[in-house]
Amino acid sequence: LSGLGIEIGSHGRRHQILTRIPESEQELEVVKSKKDIEEITQKECRYFSYPNGWITDYNPTIMSLLKRSGYRGAFTARTSLAESEIQTTQNRYEIPRWCPSESSLRDLLK
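Residues numbered from 1 in each chain as written. Predicted model: local features only at pLDDT ≥ 70, side-chain atom pairs only at ≥ 80, totals over all residues. Heavy atoms only, no water.

**Q** Kindly report on the packing of aromatic side chains, identifying the contributing residues and their values.
**A** Aromatic ring pairs are defined here through the distance separating the ring centres and the angle between the ring planes. On inspection of all chains with the given rule, the structure shows 4 aromatic pairs. With a centroid separation of 5.8 Å and 70° between ring planes, the pair formed by F48 and Y50 is classed as edge-to-face. Judged by its relative accessible area of 0%, Y50 is buried. Pairing Y50 with Y58 gives two aromatic rings, centres 4.4 Å apart and planes at 15°, and the pair type is stacked. Residue Y50 shares its accessibility class with Y58, and that shared class is buried. Clustering of aromatic rings is evident, with ring pairs tying together F48, Y50, Y58 and Y71. A cation over an aromatic ring shows up here: K34 above the ring of Y71, its NZ or CZ 5.5 Å from the ring centre. (Phe/Tyr/Trp six-rings, centres within 6.5 Å; stacked < 30°, edge-to-face > 60°. Buried < 20%, exposed > 50% of the residue type's maximum accessible area, 1.4 Å probe, protein only. Lys NZ or Arg CZ within 6 Å of the ring centre and 35° of its normal.)

**Q** Lay out the side chain of S69 in plain terms, naming residues and giving numbers.
**A** Here S69 is to be found in the loop between helix 2 (60-68) and strand 2 (73-75). In terms of polar contacts, S69 uses its side chain to reach the backbone carbonyl oxygen of L65, at 2.7 Å. Discounting chain neighbours no more than four positions away, the residues touching S69 are V30, V31 and K34. (Helix = DSSP H or I, 4+ residues; strand = E, 2+ residues; numbered from the N terminus. Polar contact = N/O pair within 3.5 Å; in protein donor to acceptor, adjacent residues only side chain to side chain. Contact = heavy atoms within 4.5 Å.)

**Q** Residue-level account of the pattern of salt bridges, with values.
**A** Enumeration according to the criterion identifies 7 salt bridges in this entry. Where R14 meets E25, a salt bridge forms, and the shortest distance between an N and an O atom there is 4.0 Å. One end of the pair, R14, is in the segment before helix 1 (23-41); the other, E25, is in helix 1, with 11 residues separating them in the sequence. Of the residues examined, R14 reaches a relative accessible area of 51% and is grouped as exposed. The residue K32 makes a salt bridge to D36 at a minimum N-O spacing of 2.9 Å. (Salt bridge = Lys/Arg side-chain N within 4 Å of Asp/Glu carboxyl O.)

**Q** Break down the environment of I95 for me, with residues and values.
**A** When you line up the elements, I95 lands in the loop between helix 3 (83-89) and helix 4 (102-109). I95 sits in the partly exposed class, given a relative accessible area of 23%. Once the C-alpha coordinates of I95 and G73 are considered, the two residues, 22 residues apart in sequence, prove to be 7.4 Å apart. Those residues in contact with I95 that lie beyond four places of it in its chain are A74, F75 and T76.

From the geometry alone we can't say anything about function, so treat these as descriptive.
In structure tokens form, the structure reads like this:
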């Protein structure tokens, strides 16, 4: 997939909810998964997707760890942020994403 131009990001090594594990394990999940992907794809792993991705699954300390580890941004499972939040923070480590469901895909295709 990487050879076809698809960006491969990290999701951690073992789908650990980062806020539920010690900081030393957080670092292993974040740093080692980045290195593994880069070794396999021979390309920079630029983005992270928080396991589960809900507001309780990441925090400013984890966002800082991602930045220090060389990630350019991270995706949450939040479908949107309040307009005022986007304007005031513009946080690349809290990017909302749309998670498709079977019904939403049907609606999209109509």
